[in-house]
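What the coordinates show
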Amino acid sequence: MKKLEIIIKPEKLEDLKEVLSTCEVSGLNIVNSMGYGNQKGVIKTYRGASYNVTLLPKIKVETVVTDSIAPGLIDKIVDEINTGNFGDGKIFVYDVEDAVRIRTGEHGEEAL
Ligand SMILES: Nc1ncnc2c1ncn2[C@@H]1O[C@H](COP(=O)(O)OP(=O)(O)OP(=O)(O)O)[C@@H](O)[C@H]1O
Ligand SMILES: [Mg+2]
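Residues numbered from 1 in each chain as written. Chains lettered and ligands numbered in written order. Predicted model: local features only at pLDDT ≥ 70, side-chain atom pairs only at ≥ 80, totals over all residues. Heavy atoms only, no water.

This brings us to the sheet that holds strand S6 (residues 90-95). Spatially, S2-S5-S1-S6 is the arrangement adopted by the four strands of the open sheet, whose pairing is antiparallel. Strands with a single pairing partner mark the edges of an open sheet, and in this sheet they are strand S2 (29-35) and S6. Across the sheet, the mean angle from the axis of one strand to that of its neighbour is 25 degrees, orientation sign disregarded. Pairing geometry for strand S1 (residues 2-8) and strand S5 (residues 56-65), over seven bridges, is antiparallel. Each residue of the ladder has a partner; that of Ile7, found in S5, is Lys60. (Pairing = 2+ DSSP bridges. Helix = DSSP H or I, 4+ residues; strand = E, 2+ residues; numbered from the N terminus. Axes fitted to C-alpha atoms, helices over the stretch in contact; angles between N-to-C directions.)

The next thing to look at is the side chain of Asp88. Assignment of secondary structure puts Asp88 in the loop between helix H2 (70-81) and S6. Despite its burial, Asp88 pairs with no opposite charge; the closest candidate is Lys9, at 4.9 Å N-O. Polar side-chain contacts of Asp88 include one of 2.6 Å to the backbone nitrogen of Thr83. Of the polar contacts made by the side chain of Asp88, one reaches the backbone nitrogen of Gly84; its length is 3.0 Å. (Buried < 20%, exposed > 50% of the residue type's maximum accessible area, 1.4 Å probe, protein only. Lys, Arg positive; Asp, Glu negative; His and termini not counted. Salt bridge = Lys/Arg side-chain N within 4 Å of Asp/Glu carboxyl O. Polar contact = N/O pair within 3.5 Å; in protein donor to acceptor, adjacent residues only side chain to side chain.)

Below, the discussion takes up a negative patch on the surface. A contiguous patch of negative charge, built from Glu18, Asp75, Asp79 and Glu80, is present on the exposed surface. Examining the composition of the negative patch, we find that three residues originate from one element, H2, more than from any other. Tracing the chain through its elements places Asp75 in helix H2. (Patch = residues over 30% accessible without salt bridge, like charges linked within 9 Å, V, L, I, M, F, W, Y side chains within 5 Å. Areas by Shrake-Rupley, 256 points an atom, 1.4 Å probe, with all protein chains shown as cover. Charge placed at Lys NZ, Arg CZ, Asp CG, Glu CD.)

The next point concerns the pattern of salt bridges. Tallying each qualifying case throughout the model produces eight salt bridges. In this structure, Glu14 engages Lys17 in a salt bridge whose closest nitrogen and oxygen atoms are separated by 3.1 Å. Here Lys17 and Glu14 lie together in helix H1 (residues 13-21), a separation of three residues that amounts to about one turn. Residue Glu14 is classed as exposed on the basis of its relative accessible area, which comes to 51%. Salt bridges here are not isolated pairs; linked through shared partners, they connect Lys3, Glu5, Lys60 and Glu62.

Moving on, we come to the site of ligand 1. If you check the shell around ligand 1, you find 13 residues, and the closest are Asn38, Gln39, Gly87, Gly89 and Lys90. Here Gly87 contributes a backbone N or O atom positioned 2.6 Å from an oxygen atom of ligand 1. Burial of ligand 1 by the protein amounts to 70% of the accessible area it has alone, namely 610 Å². The site holding ligand 1 turns out to be the largest pocket. Of the residues contributing to the shell around ligand 1, the split by class is four nonpolar, six polar and three charged. (Near = heavy atom within 4 Å. 1 Å grid on protein atoms, 1.4 Å probe; cavity = no way out; pocket = protein on both sides within 12 Å on 5 of 7 lines; lining within 4 Å. Sits in = over half its atoms within 2 Å of the grid points. Nonpolar A, V, L, I, M, F, W, Y, C, P; charged D, E, K, R; others polar.)

Bringing the layout of surface pockets into the picture now. Of the pockets and cavities examined, the largest pocket occupies roughly 520 Å³. As for the largest pocket, its lining consists of 24 residues, and the residues nearest its centre are Tyr36, Gly37, Gln39, Lys58 and Gly87. Listing elements by their share of the lining of the largest pocket, those giving two or more residues are S2, S5 and S6. Classifying every residue of the lining of the largest pocket by side-chain character gives nine nonpolar, nine polar and six charged. (Points joined across faces, edges and corners; volume = space filled by probe spheres on them.)

Worth remembering: the numbers are spatial, not functional.
Right, dumping it as structure tokens:
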């Protein structure tokens, strides 16, 4: 199993949910977060005064999926979310050792 941590701009959440719902994604968890990437935030100008914005609001969507669907799912997310602009976001991919459905005691992919 793989855990995907998908960090995107909040306005892209509906598009991402749509992609995930068309794939065999059995569950997801959404976290509001703040962050920056390579640009270390952006410099914005407001009424002539410039100030640093070092943290931008982001949404982190976490989902654990089978090894078999992970690569195709990642490709679909990139296709759907990519605008070509800085700050489109990132996907971090982790190996998941186990999952347990508490109601039944099932383990592994059965528990997804
Ligand atoms: N190395 C990292 N570790 C943890 N979180 C990160 C990392 N890089 C990016 N993030 C998170 O992902 C968000 C989006 O990053 P972003 O898309 O700006 O990455 P980037 O590497 O700067 O790519 P781009 O050049 O396309 O902007 C950041 O605001 C931050 O929340
Ligand atoms: Mg960036």
